[in-house]
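Listed below are the residues making up each chain.
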Amino acid sequence: MRRATRPTKKMERVLNCLDELSLSAAKEELSTLLDKANKQGVELIEGLDVLLNTEVLYRRERRKNRRIKEARFPELKSLDDYNFNFPDKINVPQIRALTELTFLKEALNVIISGQSGTGKSHIAMSLGLLACGREYRVRYTSCPGMLNDLYAALADHTLDKTLRRYVNPDLLIIDDLGTEKVEIVHGQGAALFFKVINKRHGNKSTIITSNLDTDKWSEHFGDPNTTVAALDRFTQHAIPVVIEGNSFRVKLMEERLLSDDEKKGKKKERKATRKKK
């Protein structure tokens, strides 16, 4: 009786590739094909290993790019480009831990708070981009943009359909809560906002960036009765990320202005030197 041989690492990789590509017929035929190749002295497994892994990597990249396109990021951000030395205070190990995306598996939320220009959106979009790379469905939106979308859906009676855009993704990023008045102009702002939050609660993760502390959200939406209970549920399952410091954008502007002043000063010095000569 012929003893069954243990699969090699290459053989295991080929079988895994066939599974991921849903090539069940090829997987069933593989043993027969290899026996035939071995009898003829051909190392077919080498070619299959390279060929199938190429196909797998190609499909993964296509899926990632499709996820990124569907996420609708205004720009692509990486944590490698974030200056962790700029903020006065930021918990770097906490940010690094978030990149493992465990919070997505546990359906936890993330609240990133800090002054405007401290990089809250950068961190949020970086996490979203990582999630796309691991084949999670992601949706990015500004808070005013989402609410305007929902207000319009109320008007044309498509609210249920529009809500699905924000409820269904594995990760929803709501950027810039509190930066624009549009959120509180309409009386139903709080109800619509927390309708999305409540439908995602316990099932999907949401990242919110805001220049407001959470205890100011009720005041911002102008509807404490609606906000308090929903906010309690959201924050109980949320990881708070606090960034302290001044605006990075303001600092860059000041540095540019200072650089311009220095250039002007040098020009004046050169002119003064020429006059003396």
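Just so it is clear, the structure is predicted and the values come from calculations on it, not from any experiment.

Asks: Got a minute to help me understand the overall build of the chain in this structure?
Replies: When its secondary structure is counted, the chain shows 13 helices and five strands. Going through the 277 residues of the chain one by one, you find that 39% of them count as buried. Surface exposure of the chain reaches about 17,300 Å², of which carbon and sulfur atoms provide 49%.

Asks: What's the story with the pairing of strand β2 (residues 138-142) in this structure? I'm lost.
Replies: On a regular strand, one side chain projects to one face of the sheet and the next to the other, so that they alternate. Across the five residues of β2, four count as buried, placing the element largely inside the fold. Here β2 runs beside strand β3 (residues 171-177); their pairing, made up of five bridges, is parallel. Bridge pairing in β3 places T141 opposite I174.

Asks: How should I be thinking about the sheet that holds strand β1 (residues 109-114) in this particular structure?
Replies: Judged by pairing direction, the sheet is parallel, and its five strands sit side by side in the order β2-β3-β4-β1-β5 without closing on themselves. The sheet terminates laterally at β2 and β5 (238-243), the two strands that pair on one side only. Each strand of the sheet is rotated relative to its neighbour by a mean of 15°, with strand direction disregarded. Each of β3 and β4 (205-210) touches helix α10 (residues 189-200); the most contacted strand, β3, lies at about 150° to it.

Asks: Can you help me understand the packing of aromatic side chains in this one?
Replies: Here the distance between the centres and the angle between the planes together describe a pair of aromatic rings. Counting across every chain of the model gives three aromatic pairs. An angle of 50° between the planes, with centres 6.4 Å apart, marks the rings of F73 and Y140 as tilted. One end of the pair, F73, is in the loop between α3 (44-71) and α4 (92-98); the other, Y140, is in strand β2, and 67 residues separate them in sequence. Given the relative accessible area of 12%, Y140 is considered buried. On the basis of an interplanar angle of 80° and a centroid distance of 4.9 Å, the ring pair of F193 and F194 is categorised as edge-to-face. Considered together, F193 and F194 belong to a single accessibility category, that of buried residues.

Asks: Honestly, the environment of E20 in this entry has me stumped. Any pointers?
Replies: With respect to the helices, strands and loops of the structure, E20 is situated in helix α1 (residues 9-20). The class of E20 is partly exposed, set by a relative accessible area of 36%. Put simply, E20 and R59 are 39 residues apart on the chain and 9.8 Å apart in space, counted from C-alpha to C-alpha. If we ignore the near neighbours within four places in the chain, the residues touching E20 are V56, R60 and R63. In this structure the side chain of E20 is engaged in a polar contact, spanning 3.1 Å, whose partner is the side chain of R60.

Asks: What am I meant to see in the environment of A107 here?
Replies: Its place among the elements puts A107 in the loop between α5 (102-105) and β1. Considered as a pair, A107 and T206 are 99 residues apart in the sequence and their alpha carbons are 8.3 Å apart. Those residues in contact with A107 that lie beyond four places of it in its chain are G202, N203, K204 and S205.

Asks: I would appreciate a short explanation of the environment of D215 in the present structure.
Replies: Summarising the element assignment, D215 is placed in the loop between β4 and α11 (217-221). Sequence-wise, D215 and V228 are 13 residues apart; in three dimensions their C-alpha atoms are separated by 9.0 Å.

Asks: Even after reading the chapter, I still don't get the pairing of β1, so can you show me in this structure?
Replies: Counting buried residues in β1 gives six out of six residues, a clear majority hidden from the surface. Alternating positions in β1 separate into two faces, N109, I111 and S113 on one and V110, I112 and G114 on the other, with burial throughout. Pairing of β1 with β5, which is carried by six bridges, proceeds in the parallel orientation. Residue pairing for β5: I112 is matched across the bridge by V241. Sheet topology places β1 next to β4; four bridges connect them, and they run parallel.

Asks: Looking at this structure, I do not really get the pattern of salt bridges. What am I missing?
Replies: Opposite charge on two side chains permits them to pair, given that their charged atoms come into close proximity. Inspection of every chain in the model, using the stated rule, returns eight salt bridges. Residue K64 is joined to E61 by a salt bridge in which the shortest nitrogen-to-oxygen separation is 3.5 Å. In this pair, K64 and E61 are both assigned in helix α3, three residues apart and thus about one turn of the helix distant. K64 gets classed as partly exposed once you look at its relative accessible area, which sits at 26%. Classification of E61 by relative accessible area gives partly exposed; the value is 38%. Here the salt bridges share partners, and the residues they tie into one network are E20, R60, R63 and E135.

Definitions and cut-offs
Each chain has its residues counted from 1, running along the sequence as written. In keeping with the model being predicted, local features are shown solely for residues with a pLDDT of at least 70 and side-chain atom pairs are shown and tallied solely at 80 or more, while totals for entire chains, interfaces and linings include all residues. Excluding hydrogens and water, the side-chain values take into account all heavy atoms of the structure. Numbered from the N terminus, helices here are DSSP runs of H or I no shorter than four residues, and strands are runs of E no shorter than two. The buried label goes to any residue with under 20% of its type's maximum accessible area, the exposed label to any with over 50%, and the partly exposed label to all in between, with areas taken from a 1.4 Å probe on protein chains only. Only the protein chains shown count as cover for residues, and all accessible areas are computed by the Shrake-Rupley method using a 1.4 Å probe. Here the rule is simple: two strands pair whenever DSSP picks up at least two bridges between them. For helices, the fitted line uses only the C-alpha atoms of the stretch in contact; every axis is such a line through C-alpha atoms, and the angle between N-to-C directions lies from 0 to 180 degrees. We call two residues in contact whenever any of their non-hydrogen atoms come within 4.5 Å of each other. In summary, the pairing rule links any two rings of Phe, Tyr or Trp, Trp by its six-membered ring, whose centres are within 6.5 Å, and it sorts them by plane angle into stacked for under 30 degrees, edge-to-face for over 60 and tilted for everything else. Identification of polar contacts relies on pairs of N or O atoms within 3.5 Å, with a donor-acceptor requirement for protein atoms, meaning one able to donate a hydrogen and the other able to accept it, and with residues adjacent in sequence counted only if both atoms are side-chain atoms. Salt bridge, as applied in this entry: a Lys or Arg side-chain nitrogen positioned within 4 Å of an Asp or Glu carboxyl oxygen.

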